[in-house]
Amino acid sequence: MRRASLLIMNKRNKKTKMGSLGVRKKVKLVNFSVQRNLSTLRRIIPGCDRADVDTLILKSIEQMLKLQLQVSVLKSLSNYFGI
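Every value quoted in this text rests on a predicted model; they were computed, and no experiment measured them. (Residues numbered from 1 in each chain as written. Predicted model: local features only at pLDDT ≥ 70, side-chain atom pairs only at ≥ 80, totals over all residues. Heavy atoms only, no water.)

Visitor: For this particular structure, what's the right way to read the overall build of the protein chain?
Guide: Per the secondary structure count, the protein chain includes two helices and zero strands. Of all 83 residues assigned to the protein chain, the portion counted as buried reaches 7%. When the accessible area of the protein chain is evaluated, it comes to approximately 7900 Å², of which 63% is carbon and sulfur surface. (Helix = DSSP H or I, 4+ residues; strand = E, 2+ residues; numbered from the N terminus. Buried < 20%, exposed > 50% of the residue type's maximum accessible area, 1.4 Å probe, protein only. Areas by Shrake-Rupley, 256 points an atom, 1.4 Å probe, with all protein chains shown as cover.)

Visitor: Looking at this structure, how should I read the packing of aromatic side chains?
Guide: The geometry of an aromatic ring pair is captured by two quantities: the separation of the ring centres and the angle between the planes. Applying the stated rule across the entire model yields one aromatic pair. Pairing Tyr80 with Phe81 gives two aromatic rings, centres 5.0 Å apart and planes at 85 degrees, and the pair type is edge-to-face. We note that Tyr80, like Phe81, is exposed. (Phe/Tyr/Trp six-rings, centres within 6.5 Å; stacked < 30°, edge-to-face > 60°.)

Visitor: Looking at this model, I keep getting lost on the side chain of Ser60. Mind explaining?
Guide: Locating Ser60 in the fold gives a position in helix α2 (residues 53-81). A polar atom in the side chain of Ser60 sits 2.7 Å from the backbone oxygen of Ile57. Residues in contact with Ser60, not counting those within four places in the same chain, are Leu41 and Ile45. (Polar contact = N/O pair within 3.5 Å; in protein donor to acceptor, adjacent residues only side chain to side chain. Contact = heavy atoms within 4.5 Å.)

Visitor: Could you clarify how one ought to interpret the environment of Leu38 in this entry?
Guide: With respect to the helices, strands and loops of the structure, Leu38 is situated in helix α1 (residues 2-44). Judged by its relative accessible area of 12%, Leu38 falls in the buried class. Here the alpha-carbon distance between Leu38 and Val53, two residues 15 residues apart in the chain, equals 7.8 Å. With residues up to four places along the chain from it excluded, the contact list for Leu38 reads Val53 and Leu56.

Visitor: I tried to follow a nonpolar patch on the surface on my own but got confused; where do I start?
Guide: On the surface, a cluster of nonpolar side chains totalling about 860 Å² of accessible area is made up of Leu69, Val73, Leu74, Leu77, Tyr80, Phe81 and Ile83. Checked against the element boundaries, Tyr80 lands in helix α2. (Patch = residues over 30% accessible without salt bridge, like charges linked within 9 Å, V, L, I, M, F, W, Y side chains within 5 Å. Salt bridge = Lys/Arg side-chain N within 4 Å of Asp/Glu carboxyl O.)

And the structure:
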């Protein structure tokens, strides 16, 4: 009986060790994904090739607002001219 309980404890310890290893891999994957997304955003937003993250976020918000304004103006013009 005592031997069986030791085996169960060892299995539990292995699971926790494997679990922490899995978390590390997930953190690396998330960091990689964030870096990839930031590099994609740097390519999309004009003038942000070497910008830091804070500037990049602010510029991307400004760019989205500009694009939304352009869309609304174009919609208004198309409605006015009946296109």
